[in-house]
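Next come the chains, spelled out residue by residue.
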Amino acid sequence: MTAIAPGTLPKSSPRGNAARARLLRGLLPALSLALVLIAIAWLNPRAISYFGFNLMLNLAIPIALATIAQMFVIAGNELDLSIGTFVGFVGCVTATWLRDAPLLGIAVLLGSIGAYALLGALIHLRNLPSIVVTLGMSFVWQGLAILILPKPGGKAPDWLLAIMSFKPPYVPFPIMAALIIAAVVHFGLMRTSYGVILRGSGGNAAALRRAGWSLLKTKIVLFALTGLFGVLSGMALIGITTSADANIGNGYTLLSIAGVILGGGEFVGGRVSPIGAVIGALTLALAASPLLTFMHIPPDWQVAANGAILIIVLAARVLISRRER
Amino acid sequence: MTSVRTALEKPWIWSFVGAVVVWLATVAFTGGYGGGGMVTAALSLAVFTVIVGVGQMFVITLGPGNVDLSLPANIGLASAVAMKVMGGSDSMIVVGLLAALACGAATGAINYLLIWALRIPPIIATLSASFIIQSVDISYGRGLQIKPPPGFASFTNWQVLGIPVLAMLTVVFTIGAALALQRMIFGRSVLAIGQNIRAAWLAGVHVGRIRFLTYTLCGALGGIDGALLAGYFRGANVDIGNEYLLASIAVVVIGGTSVAGGKANVPGVWGAGLFLVLLLTMLNTFGVSAGVRLVLTGLIIVGVITAAGGEKAVR
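Scope of this entry: the structure provided in the associated data block. Please read all numbers here as calculations on a predicted model, not as lab measurements.

Criteria and thresholds
Residues numbered from 1 in each chain as written. Chains lettered and ligands numbered in written order. Predicted model: local features only at pLDDT ≥ 70, side-chain atom pairs only at ≥ 80, totals over all residues. Heavy atoms only, no water. Helix = DSSP H or I, 4+ residues; strand = E, 2+ residues; numbered from the N terminus. Rg over C-alpha atoms; globule rule 2.2 N^0.38 Å. Contact = heavy atoms within 4.5 Å. Areas by Shrake-Rupley, 256 points an atom, 1.4 Å probe, with all protein chains shown as cover. Lys, Arg positive; Asp, Glu negative; His and termini not counted. Charge placed at Lys NZ, Arg CZ, Asp CG, Glu CD. Buried < 20%, exposed > 50% of the residue type's maximum accessible area, 1.4 Å probe, protein only. Phe/Tyr/Trp six-rings, centres within 6.5 Å; stacked < 30°, edge-to-face > 60°. 1 Å grid on protein atoms, 1.4 Å probe; cavity = no way out; pocket = protein on both sides within 12 Å on 5 of 7 lines; lining within 4 Å. Points joined across faces, edges and corners; volume = space filled by probe spheres on them. Nonpolar A, V, L, I, M, F, W, Y, C, P; charged D, E, K, R; others polar. Buried area = accessible area lost by both parts, 1.4 Å probe. Polar contact = N/O pair within 3.5 Å; in protein donor to acceptor, adjacent residues only side chain to side chain. Axes fitted to C-alpha atoms, helices over the stretch in contact; angles between N-to-C directions. Parallel < 35°, antiparallel > 145°, perpendicular 65-115°, else oblique. Left-handed = near helix turned anticlockwise from the far one by under 90°. Disulfide = S-S within 2.5 Å. Core = buried A, V, L, I, M, F, W, Y, C linked by side-chain atoms within 4.5 Å. Salt bridge = Lys/Arg side-chain N within 4 Å of Asp/Glu carboxyl O.

**What about the overall build of chain A?**
Looking only at helices and strands, one finds 16 helices and zero strands in chain A. The C-alpha radius of gyration of chain A comes to 21 Å, within 12% of the 20 Å expected for a compact globule of 325 residues. Its C-alpha atoms put chain A at 80 × 55 × 35 Å along the principal axes. Expressed as a percentage of contacts within chain A between residues at least 6 apart in sequence, the contacts between residues at least 24 apart total 79%. Total accessible area on chain A stands at roughly 14300 Å², and carbon and sulfur atoms take up 70% of it. In chain A, which carries 22 positive and 8 negative side-chain charges, the distance between the mean positions of the two groups comes to 16 Å.

Structure (structure tokens):
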């Protein structure tokens, strides 16, 4: 290359290449979402409308919130395999106590966030594998959900129903909510100084400790934030479905992990992206059912589509990363 | 005295202690009634957890981040494949078992292919694979209610002197697995990779080949487990393997295998498997509701891991 045109190529060309690859990598989540949207628009142009988005992205808000919840634990190099059943538990509380006895409901939900904080402390102090602890906790949340609501039922509080059926002008509510969630979490985690510390606890824990920061505190904060967004996700879900079921959130564990990874997050090193996570969740929510319905793919294969999208995006990321080196 | 102390230092002894304590509590509750039958039932059910537990143990021993999340989907698909191939006829039992084995091994091989080709963490690779396998299973097993051949069903339920034959065979298998782990090049390589993957590579261990074999082995064990489960419960279904995700990881950790890798323990898998099954029996005997049972199971697993914890590296 250089032999052919020695003078014309700038010296920083390899670095420029790497920067371009990094940019491409950063844009990958948005590109996959655009691809899914283009596919939907091509298959059914009428779906790309105010009404169509409201329908298609119906469940995107709870999925995005659960994905953000998962993103916080992943930022600290942990994994939460209980977020799905936790969302179900919150749903059951929302559809029963939060409506009939609001004070009790609020206390229980705050208490469950506290339980998450305690789990973070326990995992840090005893150096436990978070996978196993949260797998155990997934049984606890599921059991509690069944105890609260043995049979599907209950009803969402009216104020919650009103919020979730809000129809703002021009921009469909799910898209507006996604933008707000992404902006708020992006500011908190990426732009504040304590957000940097939180991500640092996943990037280089030893360095943070030497700099005098409490790793116990970062872990507690990360887990509490996971609990908080899990609660929001469960409430949003019930606001849409209007009634609850103990198993309602079970699929969210895998969806949330997939969403974080699709959005450019990594399992280790505190490398996560709130905007990417929300985009990843939207991609999954769109690809899971509307796209497949328009493509006349039977519902049997909806789960497989999630897996396939995950694999394709990861393969694309590997190709780009290879150029980055 | 010293022998007692060395025995207590073995990490796996606690899982057996736990199993005995739970059994004694249940027998005390029933006033000594049904203690023997409980052991028989526990042995027959623990078998299924032990088989996948051993596979998961080899995978987890490979080091931090290695875990097979595709086991439930794998078990579900293999159970459907086995029942369909057997087609209810006794003459096809061996072919059906081989088909389940091949199906499971293929799943394991695909898992490793994804890990290797996409260079992604095993958790997300096995997760994506499990999404796809689950769909294949739903589509393939649609409306499938094929019963196992009578010979196979009675084989999986066969008991001699109150001891399930399947449990005896599994004991033989676990002894083989223990030998493979401690005395064979394959097992030693797995341990070496788990302790330090770079050092193992520098020492000439075929890291890629061993990891491939381990994931394939784990998949194959999941496959055979699916076939046996379908025989024991007289029919395959999509959800048959669901509880084995937590169970397979839990028995490995409770059994004294290090989650950080490089340290495995086969007897502990048996102890922990029996402990989990007996725990469930105990809660059922006490007559608690399904919700309370789930909560207590979860809390006890978290409690046991907290008590046994304190390992260095996480994930």
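That was the structure; now back to the text.
**Some details on the overall build of chain B**
Counting its regular elements, chain B contains 14 helices and two strands. Computed over its C-alpha atoms, the radius of gyration of chain B comes to 19 Å, within 12% of the 20 Å expected for a compact globule of 315 residues. With 315 residues in all, chain B has 55% of them scored as buried. When the accessible surface of chain B is totalled, it reaches about 12900 Å², and 70% of it is carbon and sulfur.

**Regarding the packing of aromatic side chains**
All names here are of chain A. Under the definition given, this model contains 15 aromatic pairs over all chains. Aromatic side chains Y116 and W141 sit 6.1 Å apart centroid to centroid with 5° between the ring planes, which places their arrangement in the stacked category. Placement of Y116 in helix 6 (residues 102–125) and of W141 in helix 7 (residues 130–148) is noted, with a sequence separation of 25 residues between them. Each member of the pair, Y116 as well as W141, carries the same accessibility label: buried.

**Considering empty space enclosed by the protein**
Here the structure, examined in full by the defined rule, presents two cavities of 30 Å³ or more. In terms of lining residues, the largest cavity is bounded by eleven residues, among which I131 of chain A together with I60, N66, V67 and V259 of chain B are the most central. Looking at the lining of the largest cavity residue by residue, the classes come out as seven nonpolar, three polar and one charged.

**Observations concerning the environment of L81 of chain A**
Residue and element names in this part refer to chain A. Here L81 is to be found in the loop between helix 3 (60–75) and helix 4 (83–95). Distance in space between the C-alpha atoms of L81 and V132 is 8.4 Å, their sequence separation being 51 residues. Once residues lying within four places of it in the same chain are set aside, the contact partners of L81 are I131, T134, L135, S138, T253 and I257.

**A few points about the interface of chain B and chain A**
On the chain A side, the residues contacting the 42 residues of chain B number 43 residues. Note on chain B versus chain A: buried area summed over both sides is about 3900 Å², and carbon and sulfur give 77% of it. Counting across the interface, chain B meets chain A through one residue pair in polar contact (both at pLDDT 80 or more). Elements that contribute at least two residues to the side of chain B that touches chain A include exactly helix 5 (93–118), helix 6 (122–140), helix 12 (244–254) and helix 14 (290–308) of chain B. Across the side of chain B that touches chain A, the residue classes tally to 26 nonpolar, eleven polar and five charged.

**Re the packing of helix 4 of chain A against helix 6 of chain A**
Residue and element names in this part refer to chain A. Running from amino to carboxyl end, helix 4 crosses helix 6 at an angle of 165°, the nearest separation of the two axes being 10 Å. Relative to helix 6, the element helix 4 is oriented roughly antiparallel. Two packed elements cross with a definite hand, and for helix 4 against helix 6 that hand is right-handed. Residues I83, F86, F89, V90 and V93 of helix 4 form the contact with helix 6, whose participating residues are G105, V108, L109, S112 and Y116. Along the lines of polarity and charge, the residues of the contact of helix 4 with helix 6 split into eight nonpolar, two polar and no charged.

**Considering the environment of S89 of chain B**
Residue placement: S89 of chain B occurs in the loop between helix 4 (71–86) and helix 5. With 63 residues separating them along the chain, S89 of chain B and F152 of chain B place their C-alpha atoms 9.1 Å apart.

**Concerning the state of the cysteines**
All names here are of chain B. A full pass over the atoms with the stated rule returns zero disulfides over all chains. Of the cysteine sulfurs around C103, a residue in no disulfide, the closest is that of C218, at 13 Å. Note on C218: relative accessible area 1%, which makes it buried.

**Quick word on the nonpolar core**
Counting residues in hydrophobic clusters, the biggest one holds 196 residues, and the most contacted among them are I68 and M71 of chain A together with I124 and I249 of chain B. Counting residues per element, this core draws most heavily on helix 3 (residues 35–61) of chain B, at 14 residues. Apart from residues no more than four positions distant in its own chain, I68 of chain A is found in contact with I181, V185, F229, P274, A277 and V278 of chain A.

**Overview of the side chain of T306 of chain B**
Tracing the backbone through its elements, the reader meets T306 of chain B in helix 14. Side-chain polar atoms of T306 of chain B contact the backbone oxygen of V302 of chain B, separated by 2.6 Å. With near-sequence residues (within four places) excluded, T306 of chain B lies in contact with L122, R126 and L128 of chain A.

**Structural notes on the pattern of salt bridges**
Residue and element names in this part refer to chain A. The tally for this structure, following the rule as stated, stands at two salt bridges over all chains. Salt-bridge contacts for K219 lead to E78; the nearest nitrogen and oxygen are separated by 2.8 Å. In this pair, K219 is assigned in helix 12 (residues 215–241) and E78 in the loop between helix 3 and helix 4, connecting sequence segments 141 residues apart. E78 sits in the buried class, given a relative accessible area of 4%. Between D158 and R99 there is a salt bridge; the shortest N-O distance is 3.6 Å. Here D158, found in helix 8 (residues 158–164), pairs with R99, found in helix 5 (residues 97–100); they are 59 residues apart in sequence, far enough to count as distant.

**Details of the side chain of T170 of chain B**
All names here are of chain B. Along the chain, T170 turns up in helix 8 (residues 165–183). The class of T170 is buried, set by a relative accessible area of 5%. Among the polar contacts made by the side chain of T170, one reaches the main-chain carbonyl oxygen of L166 at a distance of 2.6 Å. Once residues lying within four places of it in the same chain are set aside, the contact partners of T170 are V47, V50, I51 and W270.

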